[in-house]
Amino acid sequence: MTEVIGGPLDALAARHGVTELNVTEARSLSEPSYPRVKRFVRVVLPPGQTYRTADHLAVLPANDPALVERAAKLLDADLDTVLNIASTRPRPDGFVLDLLPPIRPRTYSVSSSQSTASGHVDLIVSLLEAPARSGRGTHPGTGSRHLNTVRVGDVVLARRQPCREAFRITHDDRTPVIVIAAGTGLAPFRGAIADRLGLAESGARLAPALCYFGCDAPDADYLLAEEAGAKSSRPASIGRMSWGTAASSEP
Ligand SMILES: Cc1cc2nc3c(=O)[nH]c(=O)nc-3n(C[C@H](O)[C@H](O)[C@H](O)COP(=O)(O)OP(=O)(O)OC[C@H]3O[C@@H](n4cnc5c(N)ncnc54)[C@H](O)[C@@H]3O)c2cc1C
């Protein structure tokens, strides 16, 4: 018999080793009228915890509260009930449980740099929306919807996840770098750009670096507009990296 006690996510949080991280910044990176929503989220790491540029953050999402209420109503369940699930005898609602896999963490690239922002982690998140399997409306992705609704002062349940060493970018005077990224694929490179800028400003000699960035339209979803210093721009360089922009809406 399994007894689920505490808050709805407590048992899962313990299983996945995630802890509460405070959200200190959350804002849209795309224009309000642009349908493919992109968002910036900053969370603070607990004292003593840090990360390395290009690591990942595993985020345990919470379900849409409206969906939870609907499911509870359908199952005639009280949301404050402690649930005992016996695996030894058949349950009339067992088929429902089969259809509902436990929620699992989603992986997001850390988009900040350990050298310039070791105490917090930035994320760049794209809201995933797919036609719902029910045939009615759309299915907003569980993890991306969660991160697209968090506000300053909320907490997210997450843990740092090291990336493979092959994904780390070497910044020295012998290793030229070429980065190709579309949309939120740019997320991990934002940290590398900040690392590079910090090194260059402290006098380090660096081999040339080039980034090709793909977006839909520079005035709608130019994710590093802030770093580039202006919206709608096609910067020649960002953070001591030469820059090329490819916009799918333009010839
Ligand atoms: C190493 C790594 C780094 C990543 N970094 C980033 C990042 O920096 N930024 C970022 O935005 N993403 C990133 N991702 C992707 C991210 O982990 C998630 O996969 C993404 O946010 C979608 O997850 P979700 O929970 O929103 O979608 P889910 O809810 O898991 O949905 C995923 C898919 O399941 C299907 N689906 C599920 N249920 C239904 C339903 N009822 N009806 C219809 N379709 C359904 C949909 O087709 C959908 O495409 C990264 C992934 C990896 C592996």
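A brief report on the enclosed structure follows. (Residues numbered from 1 in each chain as written. Predicted model: local features only at pLDDT ≥ 70, side-chain atom pairs only at ≥ 80, totals over all residues. Heavy atoms only, no water.)

Observations concerning the packing of aromatic side chains
By the definition in use, this model includes 2 aromatic pairs. For the pair phenylalanine 213 and tyrosine 222, a centre-to-centre distance of 5.3 Å together with 75 degrees between the ring planes defines the contact as edge-to-face. Per residue, the accessibility class of phenylalanine 213 equals that of tyrosine 222, and both read buried. Among the aromatic residues, those joined into a ring-pair cluster are Phe213, Tyr222 and Trp243. The aromatic ring of phenylalanine 40 is capped on one face by arginine 27, whose charged end is 4.3 Å from the ring centroid. (Phe/Tyr/Trp six-rings, centres within 6.5 Å; stacked < 30°, edge-to-face > 60°. Buried < 20%, exposed > 50% of the residue type's maximum accessible area, 1.4 Å probe, protein only. Lys NZ or Arg CZ within 6 Å of the ring centre and 35° of its normal.)

Here's the deal with the side chain of arginine 168
Looking at where arginine 168 falls in the secondary structure, it is placed in the loop between β10 (155–161) and β11 (177–182). Since its relative accessible area comes to 15%, arginine 168 is described here as buried. Polar side-chain contacts of arginine 168 include one of 3.0 Å to the side chain of aspartate 55. With residues up to four places along the chain from it excluded, the contact list for arginine 168 reads Arg52, Thr53, Ala54, Asp55, Pro162 and Cys163. (Helix = DSSP H or I, 4+ residues; strand = E, 2+ residues; numbered from the N terminus. Polar contact = N/O pair within 3.5 Å; in protein donor to acceptor, adjacent residues only side chain to side chain. Contact = heavy atoms within 4.5 Å.)

Brief notes about the nonpolar core
Core analysis: the biggest nonpolar cluster contains 21 residues, and Leu186, Cys211, Phe213, Met241 and Trp243 have the highest contact counts within it. Sorting the residues of this core by element identifies β11, α5 (187–201), β12 (209–215) and β14 (241–247) as the ones contributing at least two each. The element contributing the most residues to this core is β12, with 4 residues. Not counting the four nearest positions on each side in its chain, methionine 241 is found in contact with Val179, Ile193, Arg196, Ala209, Leu210, Cys211 and Ala236. Counting 18 residues, the second largest nonpolar core, distinct from the first, contains Leu21, Tyr51, Val59 and Val125. (Core = buried A, V, L, I, M, F, W, Y, C linked by side-chain atoms within 4.5 Å.)

Some details on the site of the ligand
In the region of the ligand, 21 residues are neighbours, and Arg106, Thr107, Tyr108, Gly143 and Ser144 sit closest. The side chain of tyrosine 108 places a nitrogen or oxygen atom 2.7 Å from an oxygen atom of the ligand. Separating a nitrogen atom of the ligand from a backbone N or O atom of arginine 133 is a distance of 2.9 Å. Isolated, the ligand exposes 990 Å² of accessible area, and the fraction of that covered by the protein chains is 65%. When grouped by side-chain class, the residues that make up the shell around the ligand number 8 nonpolar, 10 polar and 3 charged. (Near = heavy atom within 4 Å. Areas by Shrake-Rupley, 256 points an atom, 1.4 Å probe, with all protein chains shown as cover. Nonpolar A, V, L, I, M, F, W, Y, C, P; charged D, E, K, R; others polar.)

Description of the pattern of salt bridges
For the structure on display, the rule yields 11 salt bridges. We note a salt bridge from arginine 52 to glutamate 165, for which the minimum N-O separation is 3.4 Å. Of the two residues, arginine 52 is situated in the loop between β3 (38–44) and β4 (56–60) and glutamate 165 in the loop between β10 and β11; the sequence distance between them amounts to 113 residues. Residue classification places arginine 52 among the partly exposed residues on the basis of a relative accessible area of 37%. Three or more residues are tied together by salt bridges with common partners; here these are Glu25, Arg27, Arg42, Asp122 and Arg190. (Salt bridge = Lys/Arg side-chain N within 4 Å of Asp/Glu carboxyl O.)

Describing the sheet that holds strand β7 (residues 120–126)
Strand order in this open sheet of 6 strands is β6-β4-β10-β2-β3-β7, and the pairing throughout is antiparallel. The strands lining the two open edges of the sheet, one partner per strand, are β6 (106–109) and β7. Between one strand axis and the next, the sheet turns by 40 degrees as a mean value, whatever way the strands run. Bridge count for β4 against β6 is 4 bridges, and the pairing is antiparallel. When the bridges of β6 are listed, leucine 57 appears paired with tyrosine 108. Of the strands in this sheet, β3, β4, β6, β7 and β10 are in contact with helix α4 (residues 142–149), which crosses β7 at around 120 degrees. Along the sheet face, α5 touches β3, β6 and β7 and points at about 140 degrees away from the line of β7. (Pairing = 2+ DSSP bridges. Axes fitted to C-alpha atoms, helices over the stretch in contact; angles between N-to-C directions.)

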